[in-house]
Amino acid sequence: MTPQVSRTVLRLEASEVRELKYGINFKKNPEDGKCYIVFKDKDKARACKNQCKHQGGLFIKDIEDLDGRTVRCTKHFWKLDVSTMEYVNPPDSFLQDELEVVVSDTDGSMELVELNPPDPWTLDPREAQDLQPGELTLPHFEITRREAARYSHLCWRHLAAGVLVPGEKRCELNKHHCCAFRRMAECMLFARLSRLTIVHIDVEKGYTNSFSYSVISKVDEHLRFMILMDGVHPEMDTCLIVEYKGHMILNTVDCTRPNNGRLPQGVDVMMSDFAGGASGFPMTFHGGKYTESWKADFIKNERKKLLNYKTQLVKSLQPKIYCPFAGYFTEAHPSDRYIKETNIKNSAEDLNASIRKACPNTLTWTPSPCSVLDVAQALADQSNREAITQPPNTTKIYKDSWDFDLYLEELNAAISNDIFEHKSWIQFYYNWAGFKGYNLVIKVIETDDDFKPLDGGYDYLVDFMDLSFPDKRPERDHPYEEVIDKITEI
Ligand code: FES
């Protein structure tokens, strides 16, 4: 089968990119006459074909839209909000297929890229066969720290590749649960690891470890899988489709924009993340606009947006069964109490409730330790209670004690590392990180436990525009953040 390829459908030179105005821009490819819409806002640009999903009509500016986000179809007047790529008339109806926008770091040009085929899972379809009870189950089980580390971002086998592990007789659906696996996060991370939610297909079918993106890989006669790239972080995240006897399971956990937003409809099981809050932002920010009420509002809105987004995604894809899963950070150490109490996460139950309301035909399942969903039974009869094995009443759902010492010792030892004796470590570190060419200035201040500047602690500015370390802030307009770095022992 031919692998999925990407094709540039429109290229804008740097001068044309600079001329793009904020909001809606209509563009035409002079070579083939095809039309596109580019929506530019402060942070990024989004793009799509200028082609209505209804019957292919052409969009024009919607003069009734004062916000400059909506276009109107010239045929039957459907309306599309190009800032979200959602059709607003008819309301809550469709999503416009989006093109990937690739801006060159070197020459500033912009390319609109289309994935082809856009839906590779349709190329070699299989009829869904009958399943026997117990033949395809989604059990919740715990993993070891070693396994969890293997699933993390820093592991070369992260993502779907990491879950098809030679020597293990199971094909796990899990992608990973650990998010950014940084040393400083280890305490929080491992605090959660012994109670991660992992789901695997219990088919006892072996494995394969060779695959290409967007190509169906065959495990055996009945079991196949496909790995789709993420449109936003193609180098980091993937989405996974596993198919057993023609029954598809779609796992989009932590994939920002799987396959650039185009996904299979009506799959048997869909799984996605739900919690939010993995970055800890903005709880670790203070000063300026970062008041407690601003942060509380931000968290509330972001979590709500995530719930709505996931609900709309499920509504548009109409899976038969939906399962929210994926682990998330628990700020377990007492020194992280403030973040824990303020960085509220969504619960799987909240998302399932929202989905049940919006998609009454989709069966929702919230996995908990020792519970099992029998997909065959659930597909045959959604009301069959025997399809779900509940955990015993005595099952402990959440971990509530941790052994921090293993990690704290290492973190505390790092504070007195020799390198900090030499001021040159600052430049060394930022040069090594290599992040520059960005209009941002930060001030890093080392503090004590009460976040008061530490006597003799480091206190410096970094200008990421040219990666310099000035004594005072530059004259030009620039975003500015202060990073408070608590360096006392935990
Ligand atoms: S083709 Fe656009 S509304 Fe019908």
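In the nomenclature of an unreviewed UniProt entry, the protein corresponds to Cytidine monophosphate-N-acetylneuraminic acid hydroxylase from the organism Triplophysa tibetana.

**Concerning the pairing of strand E2 (residues 23–28)**
Direction of pairing for E2 relative to strand E3 (residues 35–40): antiparallel, over a ladder of 6 bridges. The residue bridging Lys 27 from the neighbouring strand is Tyr 36, located in E3.

**Re the sheet that holds strand E8 (residues 86–89)**
Strand order in this open sheet of 4 strands is E5-E6-E7-E8, and the pairing throughout is antiparallel. Of all the strands in the sheet, the pair left with one neighbour each is strand E5 (59–61) and E8. For this sheet, the mean inter-axis angle between neighbouring strands, taken without regard to orientation, is 40 degrees. Two strands pair when backbone bridges link them, and strand E6 (residues 70–73) and strand E7 (residues 79–81) are joined in this way by 3 bridges, in the antiparallel orientation. Pairing of Thr 70 across the sheet is with Asp 81, part of E7.

**Section: the side chain of Arg 303**
In this structure, Arg 303 sits in helix H5 (residues 292–317). Although Arg 303 is buried, it forms no salt bridge, and the closest oppositely charged side chain is Glu 302 at an N-O distance of 5.6 Å. Beyond its immediate chain neighbours, meaning those up to four positions away, Arg 303 contacts Ala 275, Gly 276, Gly 277, Asn 343, Ile 344, Lys 345 and Asn 346.

**Section: the packing of aromatic side chains**
What the rule picks out here adds up to 19 aromatic pairs. Positioned above the aromatic ring of Tyr 22 is the side chain of Lys 40, whose terminal nitrogen or guanidinium carbon lies 4.7 Å from the ring centre. Arg 473 extends its terminal NZ or CZ atom over the ring of Tyr 480, reaching a point 3.7 Å from the ring centre.

**Details of unusual backbone geometry**
Keep in mind that most residues, glycine aside, have a negative phi and that most peptide bonds are trans. The amide bond that connects Asn 89 to the next residue, Pro 90, takes the cis arrangement and shows omega of 0 degrees. Here Pro 90 is to be found in the loop between E8 and strand E9 (98–103). Cis geometry marks the peptide bond from Phe 281 to Pro 282, where omega comes out at 0 degrees. Structurally, Pro 282 is set in the loop between strand E18 (269–272) and H5. Here Lys 245, not a glycine, exhibits a phi torsion of approximately 50 degrees, which is positive. Along the chain, Lys 245 falls in the loop between strand E16 (238–244) and strand E17 (247–251).

**Quick notes on the pattern of salt bridges**
If you walk through the whole model with that rule in mind, you get 21 salt bridges. Between Arg 11 and Glu 111 there is a salt bridge, with the nearest N and O atoms lying 3.1 Å from each other. Of this pair, Arg 11 sits in strand E1 (residues 5–12) while Glu 111 sits in strand E10 (residues 110–116), and the two are 100 residues apart along the sequence. With a relative accessible area of 35%, Arg 11 lands in the partly exposed category. Residue Lys 245 is joined to Glu 135 by a salt bridge in which the shortest nitrogen-to-oxygen separation is 2.6 Å. Separated by 110 residues along the polypeptide, Lys 245 in the loop between E16 and E17 and Glu 135 in the loop between E10 and strand E11 (137–141) bring together distant segments of the chain.

**Notes on the sheet that holds strand E24 (residues 459–463)**
If you walk across this open sheet you meet the 3 strands as E24-E23-E25, and the pairing is mixed. At either margin of the open sheet sits one strand with a lone partner, and together these are E24 and strand E25 (480–486). Shown here is a sheet whose adjacent strand axes are inclined to one another by a mean of 20 degrees, direction ignored. In terms of strand pairing, strand E23 (residues 441–447) meets E25 through 7 bridges, oriented parallel. Paired with Val 444 across the two strands is Val 483, which belongs to E25. Here helix H10 (residues 425–433) sits on the sheet and contacts E23 and E24; the angle it forms with E24, its principal contact strand, is near 30 degrees.

**So, a nonpolar patch on the surface**
A surface patch of nonpolar side chains, amounting to about 560 Å² of accessible area, comprises Ile 419, Phe 420, Phe 428, Tyr 429 and Trp 432. Its place among the elements puts Phe 420 in the loop between helix H9 (405–415) and H10. Residue Phe 420 is classed as partly exposed on the basis of its relative accessible area of 31%.

About the criteria used
Residues numbered from 1 in each chain as written. Predicted model: local features only at pLDDT ≥ 70, side-chain atom pairs only at ≥ 80, totals over all residues. Heavy atoms only, no water. Pairing = 2+ DSSP bridges. Helix = DSSP H or I, 4+ residues; strand = E, 2+ residues; numbered from the N terminus. Axes fitted to C-alpha atoms, helices over the stretch in contact; angles between N-to-C directions. Buried < 20%, exposed > 50% of the residue type's maximum accessible area, 1.4 Å probe, protein only. Lys, Arg positive; Asp, Glu negative; His and termini not counted. Salt bridge = Lys/Arg side-chain N within 4 Å of Asp/Glu carboxyl O. Contact = heavy atoms within 4.5 Å. Phe/Tyr/Trp six-rings, centres within 6.5 Å; stacked < 30°, edge-to-face > 60°. Lys NZ or Arg CZ within 6 Å of the ring centre and 35° of its normal. Patch = residues over 30% accessible without salt bridge, like charges linked within 9 Å, V, L, I, M, F, W, Y side chains within 5 Å. Areas by Shrake-Rupley, 256 points an atom, 1.4 Å probe, with all protein chains shown as cover.

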